[in-house]
Amino acid sequence: MPRSLTVSIADDEPLTRQVLDRILAALGHRVLNAAENGQQFIEQCRRQAPDLAIIDLEMPMLDGLATAEELRAISSIPIILLSGHPDFHQVVRQQEPIDVYLPKPVTLGVLQAAIERAVAPTGCTKRGRK
C-alpha cells in the first residue's frame, strides 16, 4: 500500500463523497477537499494541491473529463475517474488524462488496488479498467 495520501474528491452525489471519505480513511488516507462539481474541485485544487484526485464522470458545471483536463493543466497528480454508467468505457478514450478508471459502486479492495495503480512509478503502465 502506498504511503498515506491527501485526496481530493469531486462527485455531485453527497452519499458517494461520504462513502469515499470513509473508505479512504479506512485505507489510511485523508480527504483534503470534497467538491460537488468540477469547477469547485479545480478551485479547491488550485488553493491546496492533493496527492491524488478521484473524479466522477458526470457532474454539473464541468464534467469529469473536462475537470481532469483542467487539473492536468495545473498539476501532474494521479487521477482516478469514477462512473456509474455501464458503458462509460465507450465514452472515455485512452488518450484522456486519466490514470485509472473505476465503475461505481466502489469497494475498499477495488479502490485500494486503483490507488496503488494510480500512484505507481511512471515507468509502468497505469491506465486500466477496474
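Residues numbered from 1 in each chain as written. Predicted model: local features only at pLDDT ≥ 70, side-chain atom pairs only at ≥ 80, totals over all residues. Heavy atoms only, no water.

## A look at helix H1 (residues 14-26)
Residues spaced three or four apart along an α-helix face the same direction, because each turn holds 3.6 residues.
Then step 1. Helix length check: H1 (13 residues) gives 19 Å between terminal C-alpha atoms against 18 Å at 1.5 Å per residue, within 8%.
Then step 2. Among all positions in H1, only Thr16, Arg17, Leu20, Ile23 and Leu24 are buried. Projected down its long axis, H1 carries its buried residues within an arc of 130 degrees, all on one side. For H1, exposure combined with an orientation more than 90 degrees from the buried face picks out Leu15, Arg22 and Ala26.
Then step 3. Packing partners of the buried residues in H1 comprise strand S1 (6-10), strand S2 (30-35), strand S3 (52-56), strand S4 (79-83) and helix H5 (108-118).
Then step 4. Among the residues trailing H1, Gly28 stands out with phi positive, at a value near 90 degrees. (Helix = DSSP H or I, 4+ residues; strand = E, 2+ residues; numbered from the N terminus. Expected span 1.5 Å × (residues − 1). Buried < 20%, exposed > 50% of the residue type's maximum accessible area, 1.4 Å probe, protein only. Arc of directions from axis to C-beta. Contact = heavy atoms within 4.5 Å.)

## Points about the pairing of S2
Then step 1. As defined by bridge partners, S1 adjoins S2 across 5 bridges and the pair is classed as parallel. Bridged to Ile9 within S2 is Ala34.
Then step 2. Note that the unit made of S1, H1 and S2 has a crossover that is right-handed. (Pairing = 2+ DSSP bridges. Right-handed = clockwise from strand over helix to strand, strands pointing away.)

## Describing a negative patch on the surface
Then step 1. A cluster of acidic residues, Asp12, Glu36, Glu58, Asp63, Glu69 and Glu70, forms a negative patch on the protein surface.
Then step 2. Mapping Glu58 onto the fold places it in the loop between S3 and helix H3 (64-74). (Patch = residues over 30% accessible without salt bridge, like charges linked within 9 Å, V, L, I, M, F, W, Y side chains within 5 Å. Areas by Shrake-Rupley, 256 points an atom, 1.4 Å probe, with all protein chains shown as cover. Salt bridge = Lys/Arg side-chain N within 4 Å of Asp/Glu carboxyl O. Lys, Arg positive; Asp, Glu negative; His and termini not counted. Charge placed at Lys NZ, Arg CZ, Asp CG, Glu CD.)

## Some remarks on the environment of Leu71
Then step 1. With respect to the helices, strands and loops of the structure, Leu71 is situated in helix H3.
Then step 2. For the pair Leu71 and Gly38, spaced 33 residues apart in sequence, the C-alpha to C-alpha distance is 9.6 Å.
Then step 3. Once residues lying within four places of it in the same chain are set aside, the contact partners of Leu71 are Phe41, Ile42, Cys45, Ala53, Ile55, Ile77 and Ile79.

## Some details on the packing of H1 against H5
Then step 1. At a closest axis distance of 10 Å, the pairing of H1 and H5 adopts a crossing angle of 70 degrees. Put simply, H1 runs roughly perpendicular to H5. Note that H1 runs across H5; the crossing there is right-handed. When H1 is examined against H5, the residues Leu20, Ile23, Leu24 and Ala26 are found in contact with a partner set consisting of Leu108, Leu111 and Ile115. (Axes fitted to C-alpha atoms, helices over the stretch in contact; angles between N-to-C directions. Parallel < 35°, antiparallel > 145°, perpendicular 65-115°, else oblique. Left-handed = near helix turned anticlockwise from the far one by under 90°.)

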